[in-house]
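# Coordinate analysis (summary)
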Amino acid sequence: MTDAAFNNPAPRHDWSLDEIRALFALPFNDLLFKAQQVHRAHFDANAVQVSTLLSIKTGACPEDCKYCPQSGHYNTQLEKEKLLEVDKVVAQAKAAKAAGASRFCMGAAWRSPRDKDLLLVEEMVRQVKALGLETCMTLGMVNGDQASRLAAAGLDYYNHNLDTSPDFYGEIITTRTFGDRLDTLATVREAGMKVCAGGILGMGESARDRSALLQQLAKLSPHPESVPINMLVKVPGTPLENVEDLDPLEFIRAIAVARIMMPQSHVRLSAGREQMSESTQALAFLAGANSIFYGDKLLTTGNPQADRDRALFAKMGLHPERRDTCEDDTAHAQRLTQQAEHAARAERAAALAVEAQ
């Protein structure tokens, strides 16, 4: 890419691994400069989108993700909790909004939601949405009907991370395939929701794996609206508790490359911030990160307190991104049309399946 192309680049979905690795190999100052050019072409360079994440159902997950303290396969001393009551979730959402969050994210440790649980989840979405917050859920794999129900309830974003590269994926997870994750993202997108998808760095993957992860994310069309870049939080009892630490500058490089490759996406500085110095976080914002989770927990792992985040924002001259979360009539009509088209396709597929029997 020429320098001029970094000033207002069009989104691309055809990045080659050689191109991505060439970006990673740039001198650090040059890489951050190019990332800043891209960032400023699409965003207010001093605005950061602020989200809060709440675990609505904790522990006993049947998946074997080697990084996760919620997996039922490992002994991490995590207390299991049932699905939270709707009023408790709403109370947390009100507190998050008062603290400055514009989006409220809810996560449940499921392989996929059951219908009886989905009824409660839909009500959570409706009530949180009524507070004027954007809504996001991460519930594991969902099928077309479940995705349509969540969209109809008003869910704005669905989070489903790819985690790592296709080649390294089997070293981290065996209970769900990389293809399963792509299928869920396609299902969510077809239902009309926005996509939140990223990965985790520092799990023992190679530099090539980090490039391949970003390549897969950029292949998604459109790009995910939100791209969380997580630094592994090493939890005792998980298989990755003793993995070698990733060099913080390599993490910053990944933020910068993600910003260049997905210019219109919010790149979220996500898990691992508790272990990061203010200087490392400042570099991440300079590299193009423009979204964070606010609060003291990310599901079950630590996160900088909101007061510390506000103090860091003040030092850097950053401010929370101001977002209009009200859906206008045009957007509402478009969403209803997408849902109707999705339902019609599902009916046609079911009819064809019956005819084929």
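Before any of the text, the structure's been laid out above.
As the structure is a prediction and not an experimental result, all values here were calculated from the model. (Residues numbered from 1 in each chain as written. Predicted model: local features only at pLDDT ≥ 70, side-chain atom pairs only at ≥ 80, totals over all residues. Heavy atoms only, no water.)

### Regarding the packing of aromatic side chains
A complete count under the given rule lists two aromatic pairs for this structure. On the basis of an interplanar angle of 85° and a centroid distance of 5.6 Å, the ring pair of Y169 and F178 is categorised as edge-to-face. Side by side, Y169 and F178 carry an identical accessibility label, which is buried. Directly above the aromatic system of Y157 lies the positively charged group of R103, at a separation of 3.8 Å from the ring centroid. The cationic tip of R268 hangs over the ring face of F293; the distance from NZ or CZ to the ring centre is 4.4 Å. (Phe/Tyr/Trp six-rings, centres within 6.5 Å; stacked < 30°, edge-to-face > 60°. Buried < 20%, exposed > 50% of the residue type's maximum accessible area, 1.4 Å probe, protein only. Lys NZ or Arg CZ within 6 Å of the ring centre and 35° of its normal.)

### A closer look at helix α7 (residues 178-190)
Over its 13 residues, α7 runs 19 Å from end to end, which matches the ideal 18 Å to within 8%, given 1.5 Å per residue. Residues F178, R181, T184, L185, T187 and V188 constitute the buried set of α7. Lining the buried residues of α7 we find α5 (144-153), β4 (157-159), α6 (166-172), β5 (194-196) and α8 (207-219). The first or second residue beyond α7 is G192, which carries a positive phi of 100°. (Helix = DSSP H or I, 4+ residues; strand = E, 2+ residues; numbered from the N terminus. Expected span 1.5 Å × (residues − 1). Contact = heavy atoms within 4.5 Å.)

### Overview of the packing of helix α4 (residues 115-130) against α5
Viewed as axis vectors pointing N to C, α4 and α5 meet at an angle of 25°, and their least axial separation amounts to 8 Å. On the basis of the axis angle, α4 is roughly parallel to α5. Remark: the crossing between α4 and α5 carries right-handed chirality. Contact residues: D115, L118, L119, V121, E122, V125 and R126 in α4; Q146, R149, L150 and A153 in α5. (Axes fitted to C-alpha atoms, helices over the stretch in contact; angles between N-to-C directions. Parallel < 35°, antiparallel > 145°, perpendicular 65-115°, else oblique. Left-handed = near helix turned anticlockwise from the far one by under 90°.)

### Some points on unusual backbone geometry
Each neighbour pair has its own omega, and for S221 with P222 the value is 0°, a cis peptide bond. Although it is not a glycine, D163 sits at a positive phi angle of roughly 75°. Relative to the helices and strands, D163 resides in the loop between β4 and α6.

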